[in-house]
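Secondary and tertiary structure notes
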Amino acid sequence: MKSPSARWLYFAPLAVLLGASALCAWTLSVFLTGPVISQPELRPQRRVAEDALVLAGSGSNLPLTRLLAEAWGRRVYLHESIGSRGGVRAVRDGAIDLGLISRPLREEEQQGLVVWPYARVAVVIASGSSVPEQDFDEAGLAQLYSGVRRTWPDGTALRVVQRELGDSSHDAVERHWLRFAEASHEAYRRQRWRVVYADASMRAALLSERGSVGLFDQGAVRIEQLPLRIHRVEGVRPSPETLESGAYPFSKDLSMLSVGPPSDLARDFLGFIYSDRGRDLTRRAGYLPLERPAAERP
Amino acid sequence: MRPPNLALWLRARMRPLAAMVGVCVALGAPLAYLHFGLRARCAQASAEAARIAFRVRQEGLSQDGLWRYGAPKLVEHLQAFHLGSAERIRIVDRFGLVFTAGEEPQGATVWGRAALLLADDSQSAVWVGLGARDVIVDGLVLLLVFAAVGAGLALLVTRLPVRSMERAGERILVLMGQSELARRAADLQEQERRRLARELHDGVGQALTGLRIHLQLAEHGDGKVLERAKGMVDDAIEEVRRSVADLGPSILDEIGLLEALRRYTLDFSERTGIPVELDLPAGDARLPTSLESACYRIVQEALSNTAKHAGASRVCLRVQIVSEHLRLEVSDDGQGFEPGAVDGQGLCNIAQRVSLQGGCLEIDTAPGRGCALRAELPLDVEGT
Ligand SMILES: Nc1ncnc2c1ncn2[C@@H]1O[C@H](COP(=O)(O)OP(=O)(O)OP(=O)(O)O)[C@@H](O)[C@H]1O
Ligand SMILES: [Mg+2]
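Residues numbered from 1 in each chain as written. Chains lettered and ligands numbered in written order. Predicted model: local features only at pLDDT ≥ 70, side-chain atom pairs only at ≥ 80, totals over all residues. Heavy atoms only, no water.

**Notes on the overall build of chain B**
Along the backbone of chain B there are eight helices and nine strands. Counting the 384 residues in chain B, one finds 40% classified as buried. Taking contacts inside chain B between residues at least 6 apart in sequence as the whole, the part at least 24 apart equals 65%. Here chain B has roughly 20800 Å² of accessible surface; of this, 56% comes from carbon and sulfur atoms. (Helix = DSSP H or I, 4+ residues; strand = E, 2+ residues; numbered from the N terminus. Buried < 20%, exposed > 50% of the residue type's maximum accessible area, 1.4 Å probe, protein only. Contact = heavy atoms within 4.5 Å. Areas by Shrake-Rupley, 256 points an atom, 1.4 Å probe, with all protein chains shown as cover.)

Structure representation (structure tokens):
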């Protein structure tokens, strides 16, 4: 009694198989779908106003640049920190007139950009004013970051505040002191200390937390008249003079960026910066004024 | 009549069912694992996207439209220091990709999204991609395991019912054979009744008719007729005795099998002149009625075959009761026969009676070597 009518029953498992495959495909497609990225359009240029100069970039440049812009007397719109990299990209995209950077341009960034270095600032080892002035050498600073040394001489607990990887202040010190660089990177990897992301956060941490210590800009301390203790490095106190003489090792150069020749307004601002008055202001703010690049001299 | 092949029929229906069970078992758990595993991974990715979006927004609020330029540095910092598991991060806005961190996706990646909610761009969002290869590989391993389990189950689901059905089919065949036997037994009874009617008609009936005629003649005073009538009555009595002996079973009720066999063999020897050697158990143990009458009939037929065909000089009848069985043997020293080459009703009837009793039969004979008929019948007839 062969029953061919039973053959249609095979459709049931077949249907289940098909359904399961469909479900599987659906599940995969739902969860594995990433962002749909259209071809990037040209981003619209953004300006606050035609007669205002728009600047943005590294947070290290902001205190001095703000000071200079106020002295210049024309309308300047200065954005909060977007980092040196952000400054490079924004000026390239035409979103701003001049980019602000606190580190040398990387090779891949250089093309088509004109760099206007205008000030050199000392990178200092700073802490709250309650900490007595210290004198650090390479080993001493490395001990701080590697956690070997835990207290200040007066017994208060020592709290290091680090910056994110690639921060220009850290780069400036690590370039000279390799053992410190190792200690700092190791501490970062192990998340031994608090890591802050912006100059403003570093300032707040140093001011508010007892016994905290970190790398900071001398210029910002002076312009904002911050009650912070600045420590000696191998016996040398940081200042524009010790920077200039080369006695104090840690510094970074602040520059502006333009795409090709700058606009008239920007050229005017740069002219002011490189003028005697601008250079004088810069020096009094605790920075070492730099020369206009040779190629751009009139 | 052949019974339907139920096993075949069942197999045709069980196979798709088993395939269904196999497929469901094989796919169910792995699919669920895949779905929920990917969903959990997706939720994780979305949560990380939300954390990143929160920070980017926090920073971006003070950067106005320039958040796009500030975000990469922040995201790289978050990825390096805070979010070890966010493997790929992409930030998009209405113009396209703003920034991507982490290696580009290799293989399966699950994506989670969180809106950035920045005033200048309602479409900006953070996407976080997490590798999902492990989930998929685990799912495949599960699939292998469950496929094996499913196949085993499917096999079981078909095998067990089909096996039982095959057994049931065999049993049905046996039962059908038995009912056929019962039908034959009824036929046998019918035949016996007709023979009885025939014998009564031809034997006793004829004798009584003749007797009536002679009695009528005797009314007219013929003395010789009375003499002949007396002879006829004697014949009729003899005829009735023989018929009663043939009917057998009724005397079994009164005197039992063993005694009935003794009388029958005596009568047989008297009629045929062939001596019967008897070997019966002592006493007069009573056996179940159907068994007694079957034995009696078998002996009758065997002895009558001996008389008819064997040309034997002696016959031996042996009955033994051995542990729950009754053994019956009728052997002669006659000419024997070729067991396969014969054709008659008597031996068939014997075989049927034996199998109706649930016993077994053996006919041991060859031309020139006599014939021994052995039957072994269980005493407990009800049990078969
Ligand atoms: N004891 C015997 N000795 C020799 N031949 C025998 C013996 N019993 C049976 N046969 C052979 O087997 C055959 C079949 O026997 P069976 O009893 O079936 O049929 P039957 O005696 O010919 O006819 P019936 O149906 O009237 O009994 C017989 O014809 C005979 O040739
Ligand atoms: Mg016979």
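**Some points on the interface of chain B and chain A**
The interface is formed by 51 residues belonging to chain B together with 52 residues belonging to chain A. Both sides together, the interface formed by chain B and chain A hides about 4500 Å², and carbon and sulfur atoms give 68% of it. Looking only at chain B, the three residues that lose the most surface to chain A are B:Tyr69, B:Phe81 and B:Phe95, adding up to 19% of its buried area. The interface formed by chain B and chain A holds two salt bridges in total. Here B:Glu76 makes a salt bridge to A:Arg85, at a shortest N to O gap of 2.6 Å. For the pair chain B and chain A, the interface holds six residue pairs in polar contact (both at pLDDT 80 or more). Elements represented by at least two residues in the side of chain B that touches chain A include exactly α1 (6-63), α2 (67-82), β1 (88-93), β2 (96-101) and β3 (109-115) of chain B. Among the elements that make up the side of chain B that touches chain A, the one with the highest residue count is α1(B) (21 residues). Residue composition of the side of chain B that touches chain A, by class: 31 nonpolar, eight polar and 12 charged. (Buried area = accessible area lost by both parts, 1.4 Å probe. Salt bridge = Lys/Arg side-chain N within 4 Å of Asp/Glu carboxyl O. Polar contact = N/O pair within 3.5 Å; in protein donor to acceptor, adjacent residues only side chain to side chain. Nonpolar A, V, L, I, M, F, W, Y, C, P; charged D, E, K, R; others polar.)

**A few points about the confidence of the model for chain B**
In this model, chain B carries a mean pLDDT of 83, and residues with pLDDT of at least 70 account for 92%. At the level of chain-chain contacts, confidence expressed as ipTM amounts to 0.81, with global pTM at 0.61. (pLDDT = per-residue confidence, 0-100.)

**Brief notes about the pairing of strand β8 (residues 360-365) of chain B**
All names here are of chain B. Where β8 meets strand β9 (residues 371-378), six bridges bridge the pair, whose relative direction is antiparallel. Each bridged residue has a counterpart across the sheet, and for Thr 365 the counterpart in β9 is Cys 371. Adjacent in sequence and paired antiparallel, β8 and β9 are bridged by five residues, among which Gly 368 carries a positive phi angle near 80 degrees. (Pairing = 2+ DSSP bridges.)

**Observations regarding the layout of surface pockets**
The gaps of empty space that remain are located by a probe, the size of a water molecule, rolled over the atoms. Considering only enclosed or pocket space, the largest pocket measures out at about 1000 Å³ in volume. For the largest pocket, the lining is made up of 40 residues, of which B:Glu301, B:Ser304, B:Asn305, B:Lys308 and B:Gly346 are closest to its centre. The set of elements that each furnish at least two residues to the lining of the largest pocket consists of α3 (133-219), α4 (223-247), α6 (257-272), α7 (289-310), β7 (325-332), α8 (345-356) and β9 of chain B. The element best represented in the lining of the largest pocket is α7(B), accounting for 12 residues. Residue composition of the lining of the largest pocket, by class: 15 nonpolar, 13 polar and 12 charged. The calculated volume of the second largest pocket comes to roughly 780 Å³. Lining the second largest pocket are 43 residues; nearest its centre among them are A:Gly59, A:Ser81, A:Arg163, A:Tyr197 and B:Lys73. Its residues assigned to classes, the lining of the second largest pocket comprises 13 nonpolar, 14 polar and 16 charged. (1 Å grid on protein atoms, 1.4 Å probe; cavity = no way out; pocket = protein on both sides within 12 Å on 5 of 7 lines; lining within 4 Å. Points joined across faces, edges and corners; volume = space filled by probe spheres on them.)

**Remarks on the packing of aromatic side chains**
Residue and element names in this part refer to chain A. Within the structure shown, the criterion is met by five aromatic pairs over all chains. Pairing Trp 72 with Phe 269 gives two aromatic rings, centres 4.9 Å apart and planes at 50 degrees, and the pair type is tilted. Taken as a pair, Trp 72 in helix α2 (residues 62-72) and Phe 269 in helix α10 (residues 264-274) lie far apart in primary sequence, 197 residues in all. Each member of the pair Trp 72 and Phe 269 is classed as buried. Here the aromatic residues Trp 177, Tyr 248 and Phe 250 are joined through ring pairs into a cluster of three or more. (Phe/Tyr/Trp six-rings, centres within 6.5 Å; stacked < 30°, edge-to-face > 60°.)

**Re unusual backbone geometry**
If you check the backbone angles, A:Gln191 has positive phi at about 55 degrees while not being a glycine. Structurally, the position occupied by A:Gln191 is in the loop between α6 (178-190) and β7 (194-196). What makes A:Gln191 partly exposed here is its relative accessible area of 42%. Of note, the phi angle at B:Leu117 is positive, near 60 degrees, even though the residue is not glycine.

**What about the coordination of the magnesium ion (ligand 2)?**
Residue and element names in this part refer to chain B. Within the first shell, the magnesium ion (ligand 2) binds the protein through Glu 301 (OE) and Asn 305 (OD1), at distances of 1.9 to 2.4 Å. Of this pair, Glu 301 and Asn 305 both sit in helix α7, separated by four residues, roughly a single helical turn. On the basis of relative accessibility, which here comes to 21%, the residue Glu 301 falls in the partly exposed class. Exposure remark for Asn 305: the relative accessible area of 16% places this residue in the buried category. (Donors = N, O, S within 2.8 Å, 3.2 Å for Na, K, Ca; no water.)

**Considering the sheet that holds β3(B)**
Residue and element names in this part refer to chain B. Taken together, four strands build an open sheet; the order of strands is β2-β1-β4-β3 and the sheet is antiparallel. Looking at which strands have only one partner, the edges of the open sheet turn out to be β2 and β3. Recorded for the sheet is a direction-independent mean angle of 20 degrees between the axes of neighbouring strands. Note: β1 against strand β4 (residues 125-131), five bridges, orientation antiparallel. In the sheet register, Ile 89 faces β4, and the bridge partner there is Val 128. (Axes fitted to C-alpha atoms, helices over the stretch in contact; angles between N-to-C directions.)

**Here's the deal with the site of ligand 1**
Residue and element names in this part refer to chain B. Lining the immediate surroundings of ligand 1 are 14 residues, of which Glu 301, Asn 305, His 309, Asp 332 and Leu 347 lie closest. Between ligand 1 and Glu 301, the relevant distance is 3.0 Å, taken from an oxygen atom to a side-chain nitrogen or oxygen of the residue. At 3.0 Å, a side-chain N or O of Lys 308 approaches an oxygen atom of ligand 1. Taken atom by atom, the bulk of ligand 1 overlaps the largest pocket. Secondary-structure elements contributing two or more residues to the shell around ligand 1 are α7 and α8. Here the element with the most residues in the shell around ligand 1 is α7; it accounts for five residues. (Near = heavy atom within 4 Å. Sits in = over half its atoms within 2 Å of the grid points.)

**Notes on the packing of α6(B) against α7(B)**
Two packed helices can be described by the angle between their axes and the distance between those axes. Residue and element names in this part refer to chain B. Contact geometry for α6 and α7: axes closest at 11 Å, N-to-C directions at 15 degrees. By the angle between their axes, α6 is roughly parallel relative to α7. Where α6 crosses over α7, the handedness of that crossing is right-handed. Mapping the contact onto sequence places Leu 257, Ala 260, Leu 261, Tyr 264, Thr 265, Phe 268 and Thr 272 in α6 and Glu 292, Cys 295, Tyr 296, Val 299, Gln 300, Leu 303 and Ala 307 in α7. Partitioning the contact of α6 with α7 into residue classes produces 10 nonpolar, three polar and one charged. (Parallel < 35°, antiparallel > 145°, perpendicular 65-115°, else oblique. Left-handed = near helix turned anticlockwise from the far one by under 90°.)

**Points about the sheet that holds strand β6 (residues 315-322) of chain B**
All names here are of chain B. Spatially, the five strands line up as an open sheet ordered β5-β6-β7-β9-β8, and their pairing is mixed. Each of the sheet's edge strands pairs with one partner strand only, and the pair in question is β5 (276-279) and β8. When the angles between neighbouring strand axes are averaged without regard to direction, this sheet yields 10 degrees. Lying over the sheet, α6 contacts β5 and β6, oriented at roughly 170 degrees with respect to β5.

**Remarks on a nonpolar patch on the surface**
A surface patch of nonpolar side chains, amounting to about 580 Å² of accessible area, comprises B:Val137, B:Val141, B:Val145, B:Val149, B:Leu153, B:Leu156 and B:Leu160. Checked against the element boundaries, B:Leu153 lands in helix α3. (Patch = residues over 30% accessible without salt bridge, like charges linked within 9 Å, V, L, I, M, F, W, Y side chains within 5 Å.)

**Remarks on the pairing of β2(B)**
Residue and element names in this part refer to chain B. Sheet topology places β1 next to β2; five bridges connect them, and they run antiparallel. Within β2, the residue paired with Ile 91 across the bridge is Phe 99. A loop of two residues connects β1 with β2, the two strands running antiparallel in sequence.

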